[in-house]
Amino acid sequence: MSPFDAAALASESALVLRDLNQLEAALAQAEQAVALRESGRARSLALSRITLVDIHVRRGDLDAAVQVGHDLLCTSPTLGSVRFVRQLDALRQLLEPHRTYGPVRQYLTRFDDARRARMLLLADIIPP
């Protein structure tokens, strides 16, 4: 029996396909991972949404990236795992070069506010 469920397999497949620059196939897998995670496991859903935003940015679809990004920020405002925060940081770096695009700029403002709130939850674990 595999240690992966269907959502975990789709999520890992999306990451591998993204790394191979097979962005259309990666997008399909990432969307499947998010759909399979919708009903539970907030941390896994959030990590899958980070992957989906990443793929949209790499495909040049900033509007889709921002849309999923807003869903990401709503996933669980109190989610504060170290891995999640580090992936948020990487996502912000990926979006920063697109800051001149209005929706991305607005999203990054909201993103930064949400990140600060999450960091308060992890103040004892992650140094500033």
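Everything below is about the structure printed above this text.
The notes below deal with the structure included here. Predicted model only: the values in this text are computed from it and were never measured.

Side note on the overall build of the protein chain
Check the secondary structure of the protein chain and you find 6 helices and 0 strands. Looking at the protein chain as a whole, 45% of its 128 residues are labelled buried. Sequence separation of at least 24 residues holds for 61% of the intrachain contacts in the protein chain that already meet a minimum separation of 6. Carbon and sulfur atoms make up 55% of the accessible area of the protein chain, which amounts to about 7,100 Å² in all.

Some words on helix 1 (residues 6-19)
The end-to-end C-alpha distance of helix 1 is 20 Å, a good match for the 20 Å that 14 residues give at a rise of 1.5 Å each. Taken as a whole, helix 1 has its buried residues at Ala 7, Ala 8, Ala 10, Ser 11, Ala 14, Leu 17 and Arg 18. In this fold, the buried residues of helix 1 make contact with helix 2 (23-37) and helix 3 (42-59). The distance from a side-chain oxygen at the start of helix 1 to the backbone nitrogen of Ala 7 is 3.3 Å, and the residue carrying that oxygen is Asp 5. Just downstream of helix 1, Asn 21 is the residue with a positive phi angle, here 65°.

So, the pattern of salt bridges
Evaluation of the coordinates by the stated rule reveals 10 salt bridges. Between Arg 37 and Asp 5 there is a salt bridge, with the nearest N and O atoms lying 3.6 Å from each other. Placement of the pair is Arg 37 in helix 2 and Asp 5 in the segment before helix 1, with a sequence separation of 32 residues. For Asp 5, a relative accessible area of 33% translates into the label partly exposed. Asp 89 is paired through a salt bridge with Arg 115; the nearest N and O atoms lie 2.3 Å apart. Here the residue Asp 89 occupies a position in helix 5 (residues 82-95), and Arg 115 occupies one in helix 6 (residues 102-121), the gap between them amounting to 26 residues. Here Arg 115 falls in the partly exposed class, since its relative accessible area comes to 21%.

Description of the packing of aromatic side chains
Evaluation of the coordinates by the stated rule reveals 1 aromatic pair. Taking the centre distance of 5.8 Å and the plane angle of 55° together, the rings of Tyr 107 and Phe 111 count as tilted. With Tyr 107 and Phe 111 both in helix 6 and 4 residues apart, the pair spans about one turn of that helix.

Concerning the layout of surface pockets
Each pocket or cavity is described by its volume, and for the largest pocket that value is around 210 Å³. In this structure, the largest pocket is lined by 14 residues; those nearest its centre are Ser 11, Glu 12, Arg 37, Leu 47 and Arg 83. Breaking the lining of the largest pocket down by element, the ones donating at least two residues are helix 1, helix 3 and helix 5. Tallying contributions element by element places helix 3 first for the lining of the largest pocket, with 5 residues. For the lining of the largest pocket, a count of residues per class yields 4 nonpolar, 5 polar and 5 charged.

Observations concerning the nonpolar core
Counting residues in hydrophobic clusters, the biggest one holds 28 residues, and the most contacted among them are Ile 50, Leu 72, Phe 84, Leu 91, Leu 95 and Tyr 107. Among all residues touching Tyr 107, those that are not within four sequence positions of it are Val 66, Gly 69, His 70, Leu 72, Leu 73 and Leu 95.

A look at the packing of helix 3 against helix 5
Where helix 3 contacts helix 5, the two axes come as close as 10 Å, and the packing angle between them is 15°. The angle between the axes of helix 3 and helix 5 places the two elements in the roughly parallel class. Taken as a pair, helix 3 and helix 5 cross one another with a handedness that is left-handed. Across the interface between the two elements, Arg 43, Ala 46, Leu 47, Ile 50, Val 53, Asp 54 and Val 57 of helix 3 pack against Arg 83, Phe 84, Gln 87, Leu 88, Leu 91, Leu 94 and Leu 95 of helix 5. Its residues assigned to classes, the contact of helix 3 with helix 5 shows 10 nonpolar, 1 polar and 3 charged.

What counts as what
- Residues numbered from 1 in each chain as written.
- Predicted model: local features only at pLDDT ≥ 70, side-chain atom pairs only at ≥ 80, totals over all residues.
- Heavy atoms only, no water.
- Helix = DSSP H or I, 4+ residues; strand = E, 2+ residues; numbered from the N terminus.
- Buried < 20%, exposed > 50% of the residue type's maximum accessible area, 1.4 Å probe, protein only.
- Contact = heavy atoms within 4.5 Å.
- Areas by Shrake-Rupley, 256 points an atom, 1.4 Å probe, with all protein chains shown as cover.
- Expected span 1.5 Å × (residues − 1).
- Polar contact = N/O pair within 3.5 Å; in protein donor to acceptor, adjacent residues only side chain to side chain.
- Salt bridge = Lys/Arg side-chain N within 4 Å of Asp/Glu carboxyl O.
- Phe/Tyr/Trp six-rings, centres within 6.5 Å; stacked < 30°, edge-to-face > 60°.
- 1 Å grid on protein atoms, 1.4 Å probe; cavity = no way out; pocket = protein on both sides within 12 Å on 5 of 7 lines; lining within 4 Å.
- Points joined across faces, edges and corners; volume = space filled by probe spheres on them.
- Nonpolar A, V, L, I, M, F, W, Y, C, P; charged D, E, K, R; others polar.
- Core = buried A, V, L, I, M, F, W, Y, C linked by side-chain atoms within 4.5 Å.
- Axes fitted to C-alpha atoms, helices over the stretch in contact; angles between N-to-C directions.
- Parallel < 35°, antiparallel > 145°, perpendicular 65-115°, else oblique.
- Left-handed = near helix turned anticlockwise from the far one by under 90°.

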